[in-house]
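Chain residues, written in single-letter form:
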Amino acid sequence: MNRDRALLLGYLVAVVAASLVHDAWLLATGLVLVLASAGGRAGPLAWRVLRATGPYLAAVAAGWLGLAMLAGPGGSEGAAGPALARLALRVLLLAALAFRVLPAVSLARALSFSRTLRYVLVLAMSQLLAFRRLFGDFRLALTARTPRRVGPRTAVRHGAATAAWFLRRAEHDAGTLTQALEARGFFLDRD
């Protein structure tokens, strides 16, 4: 087994384990271990994890707090704290694992054992690169067409319109790629 395949397999096992563990201390220990494994890069890794997960965790915490307030004094706010802490630790751990392990893995080498998985990887990467370029084009278009600094309202409206466009485009591209693969016999059973 090559190094990339072993790293990817280890990452998948760690993700499943982090998903099955419900002890906050174990999740916190796992998070500390992942950050410690980065050595001198632990600070930037922690900052990147917080930036990526912060909006999600803030929205979930606000929703949970809102529900607890609606439930009133006899509600379940006492149970919300530990559950919210476990959720936050699990999200932070999964993000830290992804940011720590996945950049070190070459998916092409890790999936080299399967021709089908390599095809899927090539298709996904081609879509990713095309969408990255298009996202940059959308961002430049917003900057070029806005005479002043972009405000939050304009940014949110532009983000929503861009996301809707990307969804339609992804659905169209998936249908087109599926038709092309079917025409070439990709989905036929292989002996």
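Remember, predicted model here, so these are calculated numbers, not experimental data.

About the thresholds
- Residues numbered from 1 in each chain as written.
- Predicted model: local features only at pLDDT ≥ 70, side-chain atom pairs only at ≥ 80, totals over all residues.
- Heavy atoms only, no water.
- Helix = DSSP H or I, 4+ residues; strand = E, 2+ residues; numbered from the N terminus.
- Rg over C-alpha atoms; globule rule 2.2 N^0.38 Å.
- Buried < 20%, exposed > 50% of the residue type's maximum accessible area, 1.4 Å probe, protein only.
- Contact = heavy atoms within 4.5 Å.
- Phe/Tyr/Trp six-rings, centres within 6.5 Å; stacked < 30°, edge-to-face > 60°.
- Salt bridge = Lys/Arg side-chain N within 4 Å of Asp/Glu carboxyl O.
- Domains from an automatic or database assignment.

1. Topic: the overall build of the protein
Piece 1. Scanning the protein from N- to C-terminus turns up seven helices and zero strands.
Piece 2. On C-alpha atoms alone, the protein measures out to a radius of gyration of 22 Å, which is more than a quarter above the 16 Å that the 2.2 N^0.38 rule sets for 191 residues.
Piece 3. Here the C-alpha coordinates of the protein stretch approximately 65 × 55 × 40 Å along the principal axes.
Piece 4. Taking all 191 residues of the protein together, 21% fall into the buried category.
Piece 5. Taking the intrachain contacts of the protein between residues at least 6 apart in sequence as the baseline, contacts between residues at least 24 apart amount to 79%.

2. Observations regarding the side chain of Thr162
Piece 1. Its location among the elements puts Thr162 in helix H7 (residues 152-183).
Piece 2. Not counting chain neighbours up to four residues away, the residues in contact with Thr162 comprise Phe135 and Phe138.

3. A closer look at the packing of aromatic side chains
Piece 1. Following the criterion strictly, the structure yields four aromatic pairs and no others.
Piece 2. Residues Phe131 and Phe166 carry aromatic rings whose centres are separated by 5.0 Å and whose planes lie at 55° to one another, so their mutual orientation is tilted. Taken together, the positions of Phe131 in helix H6 (residues 115-145) and Phe166 in helix H7 put the pair 35 residues apart, joining distant regions of the chain. Pair check on accessibility: Phe131 and Phe166 agree, each one buried.

4. Things to note about the pattern of salt bridges
Piece 1. For the structure on display, the rule yields four salt bridges.
Piece 2. Between Arg109 and Asp4 there is a salt bridge, and its shortest N-O distance comes to 2.7 Å. One end of the pair, Arg109, is in helix H5 (residues 107-110); the other, Asp4, is in helix H1 (residues 3-20), and 105 residues separate them in sequence.
Piece 3. Between Asp137 and Arg133 there is a salt bridge, with its nearest N and O atoms 3.1 Å apart. You can see Asp137 and its partner Arg133 sitting in helix H6, four residues apart, about one turn around the helix.
Piece 4. The class for Asp137 is partly exposed, based on a relative accessible area of 37%.
Piece 5. Each of Arg3, Asp4 and Arg109 takes part in salt bridges that share partners, so that together they form one network.

5. So, the domain arrangement of the protein
Piece 1. Each domain of the protein was delimited in the assignment, giving domain 1 (3-107) and domain 2 (114-183).
Piece 2. Between the C-alpha centres of domain 1 and domain 2 there is a distance of 27 Å.

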